Amino acid sequence: MDTLDNITIKLKKEDINFIRAVCSDFNNDRNELINVLHKTQEHFGYLPAEVQELIAAELNMSVAKVYGVVTFYSFFTMVPRGEFPVSICTGTACYVRGAEKVLDEFRKQLGIDVGEVTPDGKFSLSCLRCVGACGLAPVVMIGEKTFGRVAPEKVAEILSEFR
Amino acid sequence: MTEKKQHITLTIDQHQVSVLEGTTVLEAAKKVGIDIPTLCHMKLHDMGIENKPAGCRVCVVEVEGRKNLAPSCVTLATEGMKIRTNSVRVLNARQTVLELILSDHPADCLVCIKSGNCDLQSMAQRFNIRNITYKGEQSTYREDFSPSVIREMDKCIMCRRCEMMCNQVQTVGALSGVNRGFMAVVSPAFEQDLQDSVCTFCGQCVAVCPTGALTEVNHTSDVIKSLADPRKTVIVQTAPAVRAALGEAFGLEPGTLVTGKLVSALKELGFEYVFDTDFAADLTIMEEGTEFLNRLNDFFSGNEKANLPILTSCCPAWVNFFEKQFPELKDIPSTARSPQQMFGAVAKNWFAKKIGVKREDLIVVSIMPCLAKKYECQRDEFKSNGDPDVNYVLTTRELARLIQLANIDFMALPDGEFDSPMGESTGAGVIFGTTGGVIEAAVRTAYELQTGKTLEKVDFEQLRGMEGLRHATIDFDGVPVHIGIAHGLGNARRLLESIQRGECNFHAIEIMSCPGGCIGGGGQPLHHGKSKILKARMAAIYREDSGKKLRKSHENPDIIRLYEEFLGKPLSHKAHELLHTNYFDRQVNFLEEN
């Protein structure tokens, strides 16, 4: 058996310091796990396994529990985001105004599914629930930029802005 | 002062019942003979173990004045409450709930290892379900094989008992509920294999799994093949806790000792020599007890840095636990191997020569109450040129099935006797099977070796019991020796943390991973949440001890002979080589990348 060695996880020094600082900002309190995950994902764009291991160690809880929370909430992701993350609102208003068709068009144009990244790392695709701009439904966000009343026919044009 | 709890009177079906504040409807109903069915709920009262996520909804009841049905396992009784446990509405709801669970469960009961012993199956029978009306998603999941435990999560009903055991009771933290909806599963982090997680293989998840989702790795066919191989000499050792539980698999009352029948059954199965792990337990006491006395005398002679407390090392899940979670303490447990591995080392290096068999042709089989033993015998330290000291481990459950498979009428068997020279044992070896037993056995020998006096009374009642954390002070002829005992890894963690904080003044600590010690091991017949079964097994172990002529390990004539013929004296060079081991740091650590 080859399980007798301890497991070493490599992380960049500044990443280790960042995660430790975030945990310490929340008093290394395991009840603050969701807040810690939010801050960490905001920084890294996603939550890779090594990062979850370190958070678990810092909050003195099992990494299985951390992973349980990461996989329960759809907001958290273990896949790196693209340079331009594409988020399609599928909240009620957007949904009834045809968000599903818009989403399908993005899938087709980018050749990826929700939760994936294009091979060149440029675009990633996700769904979110209501950005509070229901008057503009259906709404799409790319990075910080918001697009309203998006029709499937407009998808190619929107994407060309970022290519 | 705690406030006195009020009495509450409520009506359940036709019965009036008075209970204390804080009682659940489920418990109140039990008081008047109403057995509300439960599936996810599990309570081991004496050990403070309770699982009530109210997830399965099988235990719902009607509460007058409430719109929705209430899960009785978490609904507290209130004054004047009126409960219906068997109205048409309740019965329909329960049936629907169970059918929905069954609709996402593989219908392979005929070939499932849990068949006949499965809580879900008995529930389907009890509810008289003859047809599953619902057709829908069938979640599937890859199988995960570790050295000890098999996970077949297709069969998981998300009762979360395993998760409760792994996290609350054992504080191992290998398992957690992950993902959502039909994708939801109880799994290690990142859905990695159990073997790559912090799992200790204690098997308590298997012991409480209501279905066939978590089971033991089965080595029965390997053993059958070895027994049939004319080139092999196959010998067997059987652990103390097995004799106190095997009878349950044949319908005997919990706590029935079947030592003699067990020996006969093993002979019927074709083992050439039937030996006793109790013999190796006595050997463990010689080594571990001597090590303890050396460290203790080091301390009493003024060395403040003496390596104390000494921690027992018989339990392989406990070894995994401190290697993975407390590696900084890896130098304080005794270096003595477990009785299973001491037996294997002596068998392959001494007994094999004695009977003129090459070590590779001697097959050593263990019958153990434990799943971690399956892993332990595969550790590299316990192999010689790739040949393991112990070849196969069968659990008590596997042995029961093997006996049935071999057409042996267990109940009709006469009482057999263990073979020589590794079958003689003392009462001290027997009590290894229960919490507090190893340390009591060590005290019996250490006391006499240290003081040169004979113990008038060998029973140390102050070391016995079911409490998770216990301590006692034993008078070594004027010198107080402080003993700590923990069973269940959660209690072990509490003890280890107090050692780390420097708050602990124990000289010796016994730790067993499973609640109750080996009698509650993950390989034993299932207790289905009944803690009186564990108590009955414990009583049986002490009964076997008090019935023995010899009750102190150092008086075992076979042990005395083994030292004379082969090992020299405890902690000799030979003893170190064969009977001791070392531990590894297996914790996750973080390295700065350049």
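Residues numbered from 1 in each chain as written. Chains lettered and ligands numbered in written order. Predicted model: local features only at pLDDT ≥ 70, side-chain atom pairs only at ≥ 80, totals over all residues.

Turning next to the overall build of chain B. When helices and strands are counted, chain B shows 18 helices and 23 strands. Here the C-alpha atoms of chain B give a radius of gyration of 25 Å, agreeing with the 25 Å that 2.2 N^0.38 yields for 594 residues. Referenced to the eigenvectors of the C-alpha coordinate spread, the extents of chain B come out at roughly 80 × 65 × 65 Å. Nonlocal contacts in chain B, meaning residues at least 24 apart in sequence, comprise 74% of its contacts between residues at least 6 apart. (Helix = DSSP H or I, 4+ residues; strand = E, 2+ residues; numbered from the N terminus. Rg over C-alpha atoms; globule rule 2.2 N^0.38 Å. Contact = placed C-beta atoms within 7 Å.)

This brings us to the domain arrangement of chain A. Domain parsing of chain A yields domain 1 (13–72) and domain 2 (84–160). The distance between the C-alpha centroids of domain 1 of chain A and domain 2 of chain A comes to 29 Å. (Domains from an automatic or database assignment.)

The next thing to look at is helix α4 (residues 63–72) of chain A. Of all ten residues in α4(A), eight are buried; the element is thus mostly enclosed. The complete set of buried residues in α4(A) reads Val63(A), Ala64(A), Lys65(A), Val66(A), Tyr67(A), Gly68(A), Val70(A) and Thr71(A). For α4(A), the elements touching its buried residues are α2 (33–44) and α3 (49–58) of chain A together with β10 (176–178) of chain B. (Buried ≥ 20, exposed ≤ 12 C-beta atoms within 10 Å, placed from the backbone.)

Now for unusual backbone geometry. Residues and elements named next belong to chain A. Along the chain, Ala137 connects to Pro138 via a cis peptide bond; the corresponding omega equals -10°. Even without glycine at this site, Asn60 takes up a positive phi of about 55°. Classification of Asn60 by C-beta neighbours within 10 Å gives exposed; the count is 10. For Arg149, which is not a glycine, the phi torsion comes out positive at approximately 45°. Relative to the helices and strands, Arg149 is located in the loop between β5 (145–147) and α7 (155–160). On the basis of neighbour count, Arg149 is assigned to the partly exposed category, with 13 C-beta atoms found within 10 Å.

It is worth spelling out the interface of chain A and chain B at this point. Of the residues lining the interface, 23 residues belong to chain A; the matching set on chain B comes to 26 residues. When residues of the side of chain A that touches chain B are traced back to their parent elements, those giving at least two are β1 (8–12), α1 (13–25), α3 and α4 of chain A. Among the elements that make up the side of chain A that touches chain B, the one with the highest residue count is α4(A) (seven residues). Here the residues of the side of chain A that touches chain B sort into twelve nonpolar, six polar and five charged. Pairing between β1(A) and strand β23 (residues 589–593) of chain B: five bridges, direction parallel. The residue bridging Ile9(A) from the neighbouring strand is Phe590(B), located in β23(B). (Nonpolar A, V, L, I, M, F, W, Y, C, P; charged D, E, K, R; others polar. Pairing = 2+ DSSP bridges.)

Turning to helix α2 (residues 88–103) of chain B, a few remarks are in order. Spanning 16 residues, α2(B) covers 22 Å between terminal C-alpha atoms, matching the ideal 22 Å at 1.5 Å per step. Close packing links the buried residues of α2(B) with β5 (60–63) and α3 (119–126) of chain B. (Expected span 1.5 Å × (residues − 1).)

Here the focus is the domain arrangement of chain B. It is common to give the size of an interface as the accessible area that goes away when the parts come together. All names here are of chain B. When its domains are assigned, chain B resolves into domain 1 (7–86), domain 2 (101–216) and domain 3 (221–579). Taken together, the contact between domain 2 and domain 3 spans 19 residues of the former and 25 residues of the latter. The dominant element in the side of domain 2 that touches domain 3, judged by the number of residues it contributes, is helix α5 (residues 204–208), at three residues. When its residues are assigned to classes, the side of domain 2 that touches domain 3 shows nine nonpolar, eight polar and two charged.

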